[in-house]
Every structure is written in C-alpha cells, then in structure tokens.
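Working through the structure, step by step
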Amino acid sequence: MKKVALTVAVLALGLAACNKNDANDNTANETAVENNADADVNAAAVDANATDTNALNAADNALENAGDAVDNAADAVKDAANNATN
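Here is a short report on the structure shown in this document. Predicted, not measured: the structure shown is a model, and the values here were computed from it. (Residues numbered from 1 in each chain as written. Predicted model: local features only at pLDDT ≥ 70, side-chain atom pairs only at ≥ 80, totals over all residues. Heavy atoms only, no water.)

**Re the overall build of the protein**
A tally of regular secondary structure across the protein gives two helices and zero strands. Relative to its 86 residues, the protein shows a buried fraction of 0%. (Helix = DSSP H or I, 4+ residues; strand = E, 2+ residues; numbered from the N terminus. Buried < 20%, exposed > 50% of the residue type's maximum accessible area, 1.4 Å probe, protein only.)

Take a look at the structure:
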C-alpha cells in the first residue's frame, strides 16, 4: 500500500511540474514582441537619418556643381570677349 501511495504521490508531483504557466509564457512573449518592435523602430530611425544625410549631401553637391558651372560659363564669356577684341 505504501508503494502505491508513493507512486501516486510521485505521479501527482510529476503532473504538477508539467503544468504550463500561461501567464509567465504570455508575459515572456509580450516582452519579446515589445523588444523586437523597439529594435525595428530604432533601425528605421537610423535608416531615416542616413537617408536624410545622403539627401542633404546630394543637394549640397548639386549646388556646388551648379556654382562651378556658372563660374565656368562666366570664364568662357570673358575669354570669348577677350578673343573678340584681340
């Protein structure tokens, strides 16, 4: 009889240990989702900042190139005028 009682007690403890704790699992899953969302938002912010920087650099380069073109055109006009008078 003691063996049967001991066996039943061991089985009961084993079953109790196997019970899922859904609250802990749900909390862990929710935390993982929030952490992944934070990582995604941070990555998007980094991408947006890099895109802004690249766009500003491209605009700066375009303005510098336009200024150089105006200078070259002015030099060409001046050279043409000198050539016409000489």
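**Observations regarding a negative patch on the surface**
Taken together, the side chains of Asp60, Glu64, Asp68, Asp71, Asp75 and Asp79 define an acidic patch exposed on the protein surface. Turning to its location among the elements, aspartate 75 is positioned in helix H2 (residues 22–85). Residue class for aspartate 75 comes out partly exposed when judged on its relative accessible area of 40%. (Patch = residues over 30% accessible without salt bridge, like charges linked within 9 Å, V, L, I, M, F, W, Y side chains within 5 Å. Areas by Shrake-Rupley, 256 points an atom, 1.4 Å probe, with all protein chains shown as cover. Salt bridge = Lys/Arg side-chain N within 4 Å of Asp/Glu carboxyl O. Lys, Arg positive; Asp, Glu negative; His and termini not counted. Charge placed at Lys NZ, Arg CZ, Asp CG, Glu CD.)

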